[in-house]
Amino acid sequence: MKLNVNGRDHDVTELDEATPLLWVLRDTLKLRGTKFGCGLGLCGACTVHLDGQAMRSCVLPVGALAGKKMGTIQGPAAPGPTPPLQKTGG
């Protein structure tokens, strides 16, 4: 299975499809800007954009994401000045 994260494709074929996206981002792809908060999808610390919709990555199984585009806080900024959160490296 391939994931498109922040405009780049990643092969995550070896992962269990039930693995929450949050842990794939943080542990497998080393994108640690997305944070663990409550683990229940309530606090919003783990929010990513999935095809333009805000989603909680701690409750989203990676197997449901094939063919979708997602963005994290570490993704490319919109044209203009770099937002302060992206300057820190998350």
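See the structure above.
Attention in this report is confined to the structure presented alongside it. (Residues numbered from 1 in each chain as written. Predicted model: local features only at pLDDT ≥ 70, side-chain atom pairs only at ≥ 80, totals over all residues. Heavy atoms only, no water.)

1. Quick word on the overall build of the protein
- The secondary structure content of the protein amounts to two helices and five strands.
- Counting from the amino terminus, the protein carries its helices and strands in the arrangement β-β-α-β-β-β-α.
- In the protein, of all internal contacts separated by at least 6 residues, the share reaching a separation of at least 24 is 42%.
- When the accessible area of the protein is evaluated, it comes to approximately 5,400 Å², of which 55% is carbon and sulfur surface. (Helix = DSSP H or I, 4+ residues; strand = E, 2+ residues; numbered from the N terminus. Contact = heavy atoms within 4.5 Å. Areas by Shrake-Rupley, 256 points an atom, 1.4 Å probe, with all protein chains shown as cover.)

2. Examining the nonpolar core
- Leu3, Val5, Leu21, Leu25, Leu29, Leu65 and Met70 are the most contacted members of the largest nonpolar core, which totals 14 residues.
- Contributing elements (two or more residues each) for this core: strand S1 (2-5), helix H1 (21-28) and strand S3 (47-50).
- Residues contacting Leu21, with those up to four places away along its chain left out, are Leu3, Val48, Ser57, Leu60, Val62, Leu65 and Met70. (Core = buried A, V, L, I, M, F, W, Y, C linked by side-chain atoms within 4.5 Å. Buried < 20%, exposed > 50% of the residue type's maximum accessible area, 1.4 Å probe, protein only.)

3. With respect to the sheet that holds strand S4 (residues 53-56)
- Strand order in the open sheet made by the five strands is S2-S1-S5-S3-S4, with mixed pairing throughout. The sheet terminates laterally at strand S2 (8-11) and S4, the two strands that pair on one side only. Each strand axis lies, on average, 40 degrees off the axis of its neighbour in the sheet, ignoring direction.
- Pairing of S3 with S4 involves four bridges; the strand directions are antiparallel. Opposite Val48, over in S4, you have Met55 as the bridge partner. (Pairing = 2+ DSSP bridges. Axes fitted to C-alpha atoms, helices over the stretch in contact; angles between N-to-C directions.)

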